[in-house]
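# Coordinates in review
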Amino acid sequence: MNKIIHDLAIIGSGPAGLTASIYASRAELNTIVIEKEPMSGGQIINTYEVDNYPGIPGIGGFDLAVKFREHSDKLGATHVYGEVKAFEVEDGIKKIVLDNGEGYYAKSLIIATGAASRKLNVKGEEELQGMGVSYCATCDGAFFRGKTVAVVGGGDVAVEDAIFLSRICKEVHVIHRRDEFRAAKTFITKLLSLENVIVHWDSVVDEIIGTDAVNAVKIRNIATEEASELYVDGVFIAVGNVPNSEVYTPAVAVDRGGYIIADESCETNVPGIFAAGDIRTKELRQVITAASDGAVAVTGVERYLNNL
């Protein structure tokens, strides 16, 4: 175990974690950033375009992630890689153990682990993942150029995915369990204007069909119970996210959805532990609010350390 006790450990390197690292470096805190993957950025690296981040409209998600990481590196933040497998608090010191056996200690902690894609949990989904079933349109959309695909969901991500896929696919079927979208109005207006997009309202996916690749989806109208099959080459699932909070729940309080309970100051129920970004309870989960959380959380960390 590494016996160095850092002032701050940041777990996660999406917009919240990277912003926190920037503010922590400027505050001259002895900080370590622990990230699961060598590529920083979190979910935004899978976003085709970010058009609502102030000052840089229309920037690609991947490009924005690179800018965040470059800023963090420029200020000298220390990054290590590994998945957190165990976590505990001993006499106020936060102990973090990674999957490679390495351990780190810190006086304070910011949890910025974000969320993972929610699954449909229907027949064929697990078996055909990577063979036509995808949770990232910008990652895998190019494989379906000129083909027919389905997008499942009705929020911002689903509608944005469908718009993106409409540019390269022959036909896009949007399957949504409600009779109206929950996405931003600008996205909805754009989607409904596209001639190669077909919306299936009040509908759910009951099964994804295929052997070595996706061939079709069975859908059911929940208003009429009418069942049908759509012949598609790929299925893009965008039905929300599940917070990556499981490792921390024995110590940190979460709500019914598994999101860490933290107010606008980002403080949790455990002294010295803060939650930032999509992992915490909040009204709006966007890049700008995640970045804001990172800054706010470090302010709380400084206050906590000063009071020790």
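Criteria and cut-off values
- Residues numbered from 1 in each chain as written.
- Predicted model: local features only at pLDDT ≥ 70, side-chain atom pairs only at ≥ 80, totals over all residues.
- Heavy atoms only, no water.
- Helix = DSSP H or I, 4+ residues; strand = E, 2+ residues; numbered from the N terminus.
- Rg over C-alpha atoms; globule rule 2.2 N^0.38 Å.
- Buried < 20%, exposed > 50% of the residue type's maximum accessible area, 1.4 Å probe, protein only.
- Lys, Arg positive; Asp, Glu negative; His and termini not counted.
- Charge placed at Lys NZ, Arg CZ, Asp CG, Glu CD.
- Salt bridge = Lys/Arg side-chain N within 4 Å of Asp/Glu carboxyl O.
- Contact = heavy atoms within 4.5 Å.
- Expected span 1.5 Å × (residues − 1).
- Phe/Tyr/Trp six-rings, centres within 6.5 Å; stacked < 30°, edge-to-face > 60°.

Along the protein, the regular secondary structure elements total six helices and 17 strands. Radius of gyration (C-alpha) of the protein: 21 Å, near the 19 Å computed for a compact globule of 308 residues. Overall, the C-alpha framework of the protein stretches about 65 × 40 × 30 Å when taken along its three principal axes. Buried residues in the protein amount to 50% of all 308 residues. Across the protein, 29 positive and 43 negative side-chain charges occur, with their mean positions spaced 1 Å apart.

This part covers the pattern of salt bridges. Evaluation of the coordinates by the stated rule reveals 14 salt bridges. Glu88 serves as the salt-bridge partner of Lys95, at 3.8 Å between the closest nitrogen and oxygen. Assessed through its relative accessible area of 17%, Lys95 is described here as buried. Taking the shortest distance from any N to any O, the salt bridge between Arg280 and Asp293 comes out at 3.0 Å.

Here we come to the side chain of Ser25. Here Ser25 lies in helix 1 (residues 15–26). Leave out the neighbours within four places in its chain, and Ser25 touches Leu75, Gly76 and Ala77.

Moving on to the environment of His200. Mapped onto the secondary structure, His200 falls in strand 11 (residues 197–200). Since its relative accessible area comes to 17%, His200 is described here as buried. Spatially, the C-alpha atoms of His200 and Ala216 are 15 Å apart, while their sequence positions differ by 16 residues. Non-local contacts of His200, meaning those with residues more than four positions away in its chain, are made with His173, Val174, Ile175, His176, Ile219 and Leu230.

Next up on the list: unusual backbone geometry. In this structure, Asp91 is a non-glycine residue whose phi angle is positive, near 55°. Structurally, Asp91 is set in the loop between strand 4 (84–90) and strand 5 (93–98). Under the relative-accessibility criterion, Asp91 is labelled exposed at 82%. Residue Asp202 is not a glycine yet carries a positive backbone phi of 50°. In this structure, Asp202 sits in the loop between strand 11 and strand 12 (203–210). A residue is classified by how much of its surface remains accessible, and Asp202, at 23% relative accessible area, is partly exposed.

Quick look at helix 1 now. Along its 12 residues, helix 1 runs 17 Å from first to last C-alpha, staying within 8% of the 16 Å computed at 1.5 Å per residue. In terms of residue burial, helix 1 counts as a mostly covered element, since 10 of its 12 residues are buried. The complete set of buried residues in helix 1 reads Pro15, Ala16, Gly17, Leu18, Thr19, Ala20, Ser21, Ile22, Ala24 and Ser25. Considering only its buried residues, helix 1 is in contact with strand 1 (5–11), strand 2 (31–35), helix 2 (61–74), strand 3 (78–81), strand 6 (103–111) and helix 6 (287–307). Note on helix 1: the residue one or two positions beyond its end, Glu28, has a positive phi of about 60°.

This part takes up the packing of aromatic side chains. Per the stated rule, a full pass over the model turns up four aromatic pairs. With a centroid separation of 5.4 Å and 80° between ring planes, the pair formed by Phe144 and Phe236 is classed as edge-to-face. Taken together, the residues span a long stretch of sequence, with Phe144 in the loop between helix 3 (137–140) and strand 9 (148–152) and Phe236 in strand 15 (residues 234–237) at a distance of 92 residues. Residue classification places Phe144 among the buried positions, given a relative accessible area of 10%. Centroid distance Phe181 to Trp201: 4.8 Å. Interplanar angle 50°. Geometry classified as tilted. Taken together, the residues Phe181 in the loop between strand 10 (171–175) and helix 5 (185–192) and Trp201 in the loop between strand 11 and strand 12 connect sequence positions 20 residues apart.

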